[in-house]
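The residues making up each chain are set out below.
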Amino acid sequence: MVDQQRSNESERAILVGVVQGQLDEHIIDEHLDEMELLADTAGAKVVGRVTQRLNKINPAYFVGKGKAEQIINQAKELGVSLVIFDEDLSPAQTKNFQALSEDVKIDVKVIDRSALILDIFQKHAKTKEAKTQVELAHLQYLLPRLTRMWTHLERQMGGIGTRAGAGETQIEVDRRLIGIRIAKLKKELVKIEKERDTQSRRRKDQFRVALVGYTNAGKSTLMNAITGADVYIRDQLFATLDTTIRSTVIGGEQEILLSDTVGFIRKLPHHLIASFKSTLQEVLEADLILLVLDASSPQVIEHLDTINEVLTDLGADKNASLIVLNKIDIIDEDGRIAYLKRNFPDGILISAKNHLRIDNLLESIKNIIDQGFTTADVHFSFNQAKEITEAQNGVTVLEREYDENGVHLKIRGPVKRINQILNLV
Ligand SMILES: Nc1nc2c(ncn2[C@@H]2O[C@H](COP(=O)(O)OP(=O)(O)OP(=O)(O)O)[C@@H](O)[C@H]2O)c(=O)[nH]1
Ligand SMILES: [Mg+2]
């Protein structure tokens, strides 16, 4: 991947974008702007852009052969060592580009969008869980792409059992090693998930709110604004890779659990979504999802589409949600506000950074919680001591009256919890 073969931090790079079908050319420019941010986050300096309009994908190079040669030549002229496609390349296409650059005797690597995103995730992973998840996604990405380039694995993965047996090629050895490692990582993740499961069972009765959104939308900033937490904020893509959960009181009385997690992006590699499932578990179990959008981005609608796609992929598309339009402090035209109101009539405009209208947002959250709350009357006999204790967990007891047969409770709490208690009677 980029990182392993990079000798210095600021590698020079060219971006390649493809205009397919009816897509507008200016959209490609915006996509390449985003790629430039990704490249920048990965530590590469973009010195050129190439775009091509394509009616059909060329199996050998994605773009046409002439264009492929032109890209490699341009890389040579600009002294570029990295070419990044804003598309997913097949293993064969990457190999063909390799051959092409060997032909003109330059040392240029051609990688795709997934490789770049994986590279950033690798750099930003700090906790054991994130590191395990990223390594798993990375190896799954590498597996079909093994070429002679990766025979250094033998050294990386230890000596025993790494030597090729009779009739086994080096690539087969590498494949076998990666297979073993993948199995081990999956086992570790299951272990981590089990721990998470116990923790989450403990939190079951609290109202859980999850911040979800495109990377760099301001989720962590909002987390800090609401809870006073000190979550890492950077003007960088994928600053956050883990899930942070904080308990906080809103509206003076209502306790909620707020979580901040990894951001999404267009064409997030499938392996990453799969291996980050346990990190995203909190989103799946949320009572309310706050869809945080960067309202100043020209691509705000596309961002929401991407978020919805990932949520559907995770199975979290049915959870209740609120749209939060962040960064309104840097919107100065009235036309833009009207545009946002038209496209997101229920969106709540805020600035997390400047603490603008956060109260509005909290009030909306509180209203949703109140709608989901209900009151019930239950009666237990004295010999149901265990049930009486249980019925007072996770709810507010409004009334408690004793009679000759037992106790009558008037309780208020989340519908889910009240139903559980009604089943105890
Ligand atoms: N102008 C302005 N900038 C903001 C606002 N909220 C966040 N930002 C900036 O946007 C950048 C990203 O903020 P983060 O809170 O790290 O964004 P995130 O959504 O957590 O991003 P990832 O963790 O990378 O997915 C930072 O430079 C913030 O200072 C806002 O309301 N207004
Ligand atoms: Mg963040």
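In this text, all values refer to a predicted model and were calculated from it rather than measured experimentally.

Let's talk about the pairing of strand β3 (residues 82-85)
Burial along β3 is two-sided: Leu-82 and Ile-84 and Val-83 and Phe-85, pointing in opposite directions, are all buried. When strand β1 (residues 11-20) meets β3, the two strands line up parallel, connected through 4 bridges. Paired with Leu-15 across the bridge in β3 is Ile-84. With 4 bridges connecting them, β3 and strand β4 (residues 109-112) associate as parallel partners.

Considering the domain arrangement of the chain
Along its sequence, the chain is organised into domain 1 (11-114), domain 2 (125-200), domain 3 (203-369) and domain 4 (372-422). Contacts between domain 1 and domain 2 engage 4 residues on the former and 4 residues on the latter. If one sorts the elements of the side of domain 1 that touches domain 2 by residue count, helix α3 (residues 91-103) sits on top with 3 residues. Tallied by class, residues from the side of domain 1 that touches domain 2 come to 1 nonpolar, 2 polar and 1 charged.

Concerning the environment of Glu-309
The topology assignment puts Glu-309 in helix α11 (residues 300-314). Its 16 C-beta neighbours within 10 Å are what place Glu-309 among the partly exposed residues. Put simply, Glu-309 and Ile-226 are 83 residues apart on the chain and 27 Å apart in space, counted from C-alpha to C-alpha.

A few points about the site of ligand 1
Surveying the vicinity of ligand 1 reveals 24 residues, the closest of which are Gly-218, Ser-220, Asp-235, Thr-240 and Gly-263. Ranked by the residues each element gives to the shell around ligand 1, the list is headed by helix α8 (residues 219-227), at 3 residues. Of the residues assigned to the shell around ligand 1, the class counts are 7 nonpolar, 11 polar and 6 charged.

Thoughts on the sheet that holds strand β10 (residues 348-349)
Sheets are built from strands that pair by backbone hydrogen bonding, the pairs being arranged parallel or antiparallel. Strand order in the open sheet formed by 6 strands is β6-β7-β5-β8-β9-β10, and the pairing between neighbours is mixed. Since the sheet does not close on itself, it has two edges, and those belong to β6 (244-250) and β10, each with one partner. Judged from the 5 bridges that link them, strand β5 (residues 207-213) and strand β7 (residues 254-260) form a sheet pairing that is parallel. Within β7, the residue paired with Val-209 across the bridge is Leu-258.

Brief notes about the sheet that holds β3
The sheet built from 4 strands is open, its strands ordered β2-β1-β3-β4 with parallel pairing. Both outer strands of the open sheet, β2 (44-54) and β4, are each paired with one neighbouring strand and no more. Put simply, the sheet's adjacent strands are angled 25 degrees from each other on average, direction ignored. Examined bridge by bridge, β1 and β2 share 10 bridges and lie parallel to one another. Each residue of the ladder has a partner; that of Ala-13, found in β2, is Val-46.

Structural notes on the packing of helix α4 (residues 113-124) against helix α5 (residues 128-142)
Direction vectors running N to C along α4 and α5 enclose 155 degrees, while the axes themselves pass 10 Å from each other. With respect to each other, α4 and α5 are oriented roughly antiparallel. Both α4 and α5 take part in a crossing whose hand is left-handed. Facing α4, whose interface residues are Ser-114, Leu-118, Phe-121 and Gln-122, α5 presents Val-134, Ala-137, His-138 and Tyr-141. Taken together, the residues of the contact of α4 with α5 break down into 5 nonpolar, 3 polar and no charged.

What to know about unusual backbone geometry
Positive phi, normally seen in glycine, also occurs at Lys-105, with a value near 55 degrees. Within the element layout of this structure, Lys-105 appears in the loop between α3 and β4. A positive phi is found at Phe-238, a non-glycine position, where the angle reads about 55 degrees. A tally of 20 C-beta atoms within 10 Å means that Phe-238 is categorised as buried.

Some words on helix α15 (residues 415-422)
Along α15, the residues classified as buried are Arg-417, Ile-418 and Ile-421. Burial along α15 is one-sided: seen end-on, the buried residues are contained in an arc of 100 degrees. Along α15, the residues that are exposed and aim more than 90 degrees away from the buried face are Val-415 and Asn-419. On its buried face, α15 sits against β11 (373-381) and β13 (406-414).

A look at the nonpolar core
Grouped together as the largest cluster of nonpolar side chains are 89 residues, with contacts concentrated most on Val-83, Ile-84, Leu-293, Val-324 and Leu-325. In terms of nonpolar packing, the next biggest core, distinct from the first, is built from 7 residues, Ala-391, Val-395, Leu-409 and Ile-421 among them.

Let's talk about the environment of Ala-352
Relative to the helices and strands, Ala-352 resides in the loop between β10 and α13 (358-371). Aside from chain neighbours lying at most four places away, what touches Ala-352 is Gly-218, Thr-221, Leu-222, Ala-225 and Asn-326.

Observations regarding helix α1 (residues 25-42)
Under the 1.5 Å per step criterion, the end-to-end length of α1 is 26 Å for 18 residues, consistent within 8% with the ideal 26 Å. When α1 is considered as a whole, its buried residues turn out to be Ile-28, His-31, Leu-32, Glu-34, Met-35, Leu-38, Ala-39, Thr-41 and Ala-42. In an axial view of α1, the angular spread of the buried residues amounts to 165 degrees, which keeps them on one side of the axis. In this fold, the buried residues of α1 make contact with β1, β2, β3 and α4.

Considering the packing of α1 against α4
At their nearest, the axes of α1 and α4 sit 9 Å apart, and the two run at 40 degrees to each other. As summarised for this structure, α1 and α4 are arranged oblique, according to the angle between their axes. The interaxial crossing formed by α1 with α4 has left-handed handedness. For the pair α1 and α4, the contacting residues are Leu-38, Ala-39, Thr-41 and Ala-42 in the first and Leu-116, Ile-117, Asp-119 and Ile-120 in the second. Tallied by class, the residues present in the contact of α1 with α4 amount to 6 nonpolar, 1 polar and 1 charged.

Reading the values: rules and limits
- Residues numbered from 1 in each chain as written.
- Chains lettered and ligands numbered in written order.
- Predicted model: local features only at pLDDT ≥ 70, side-chain atom pairs only at ≥ 80, totals over all residues.
- Buried ≥ 20, exposed ≤ 12 C-beta atoms within 10 Å, placed from the backbone.
- Helix = DSSP H or I, 4+ residues; strand = E, 2+ residues; numbered from the N terminus.
- Pairing = 2+ DSSP bridges.
- Domains from an automatic or database assignment.
- Contact = placed C-beta atoms within 7 Å.
- Nonpolar A, V, L, I, M, F, W, Y, C, P; charged D, E, K, R; others polar.
- Near = placed C-beta within 6 Å.
- Axes fitted to C-alpha atoms, helices over the stretch in contact; angles between N-to-C directions.
- Parallel < 35°, antiparallel > 145°, perpendicular 65-115°, else oblique.
- Left-handed = near helix turned anticlockwise from the far one by under 90°.
- Arc of directions from axis to C-beta.
- Core = buried A, V, L, I, M, F, W, Y, C linked by C-beta atoms within 7 Å.
- Expected span 1.5 Å × (residues − 1).

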